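# Geometric and topological summary
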Amino acid sequence: MDTSVCDCVVNCTNECAYAVKNGGEIPFDNASFLVRGKPIIFECGVDCGCPITCRNRVCQGGVRKKLQMFRTKDNICGVRCGDVILAGEFVCEFSGEFVSDEFTDIGLAQQPNC
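Heads up: these notes are all about the structure in this document. (Residues numbered from 1 in each chain as written. Predicted model: local features only at pLDDT ≥ 70, side-chain atom pairs only at ≥ 80, totals over all residues. Heavy atoms only, no water.)

### What to know about the layout of surface pockets
Where empty space is left can be seen by rolling a probe of water-molecule size over the atoms. Roughly 170 Å³ of internal volume is contained in the second largest pocket. Forming the walls of the second largest pocket are Phe28, Ser32, Leu34, Ile41, Glu43, Cys59, Gly88, Glu89, Phe90, Val91, Cys92 and Glu93. When the residues that make up the lining of the second largest pocket are grouped by side-chain class, the tally is seven nonpolar, two polar and three charged. (1 Å grid on protein atoms, 1.4 Å probe; cavity = no way out; pocket = protein on both sides within 12 Å on 5 of 7 lines; lining within 4 Å. Points joined across faces, edges and corners; volume = space filled by probe spheres on them. Nonpolar A, V, L, I, M, F, W, Y, C, P; charged D, E, K, R; others polar.)

Put into structure tokens, the structure is as follows:
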């Protein structure tokens, strides 16, 4: 088996190349809930043989909750959700940076737009 992509055809199992990279298991259940937290999760991708419905392609489904950017009373950008988020449920992929209190204290994070 090529260990850079999975060669699964129908559904990935714990023998899938990415399951092996995840410690020998797919960390999601059949409803796409995270059942085992890991520092890094490897998902199947476009080069894999499995279908887009594979349970190890959770992030590729896109944003699944109503998210809103807003400013706090201290004029700091934040994100909140208008839906209930269940434990282990995927919300969205984060691509940004976390800003420390020291960073905001010097005003670098207080940009005109969130």
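### Re the packing of aromatic side chains
Each aromatic ring pair is summarised here by two numbers: the centre-to-centre distance and the angle between the ring planes. Under the counting rule described, the total for this entry stands at zero aromatic pairs. Taking NZ or CZ as reference, arginine 80 lies 4.0 Å from the ring centre of phenylalanine 70, over its face. (Phe/Tyr/Trp six-rings, centres within 6.5 Å; stacked < 30°, edge-to-face > 60°. Lys NZ or Arg CZ within 6 Å of the ring centre and 35° of its normal.)

### A look at a nonpolar patch on the surface
A cluster of nonpolar side chains, namely Val63, Leu67, Met69 and Val79, defines an oily patch on the protein surface of about 370 Å² accessible area. By the secondary structure assignment, leucine 67 is in strand E1 (residues 67-71). (Patch = residues over 30% accessible without salt bridge, like charges linked within 9 Å, V, L, I, M, F, W, Y side chains within 5 Å. Areas by Shrake-Rupley, 256 points an atom, 1.4 Å probe, with all protein chains shown as cover. Salt bridge = Lys/Arg side-chain N within 4 Å of Asp/Glu carboxyl O. Helix = DSSP H or I, 4+ residues; strand = E, 2+ residues; numbered from the N terminus.)

### Some remarks on the side chain of asparagine 22
Summarising the element assignment, asparagine 22 is placed in the loop between helix H1 (17-21) and E1. The class for asparagine 22 is buried, based on a relative accessible area of 3%. One polar contact links the side chain of asparagine 22 to the main-chain carbonyl oxygen of phenylalanine 42, over a distance of 2.8 Å. Contact partners of asparagine 22, with chain neighbours within four places excluded, come to Pro27, Lys38, Ile40, Ile41, Phe42 and Asn56. (Buried < 20%, exposed > 50% of the residue type's maximum accessible area, 1.4 Å probe, protein only. Polar contact = N/O pair within 3.5 Å; in protein donor to acceptor, adjacent residues only side chain to side chain. Contact = heavy atoms within 4.5 Å.)

### Some details on unusual backbone geometry
In this model, serine 32 sits at a positive phi of 70 degrees, which is unusual for a non-glycine residue. Looking at where serine 32 falls in the secondary structure, it is placed in the loop between H1 and E1. A residue is classified by how much of its surface remains accessible, and serine 32, at 19% relative accessible area, is buried.

### Topic: the pattern of salt bridges
If you walk through the whole model with that rule in mind, you get three salt bridges. For arginine 36, the salt bridge goes to glutamate 25, with nearest N and O atoms at 3.0 Å. With a gap of eleven residues between them, arginine 36 in the loop between H1 and E1 and glutamate 25 in the loop between H1 and E1 connect regions that are remote in the sequence. The class of glutamate 25 is buried, set by a relative accessible area of 18%. Among the ionic pairs, glutamate 25 bridges to lysine 38, the shortest N-O distance being 3.2 Å. Here glutamate 25 is found in the loop between H1 and E1, whereas its partner lysine 38 is found in the loop between H1 and E1, with 13 residues between them in sequence. A relative accessible area of 25% places lysine 38 in the partly exposed class.

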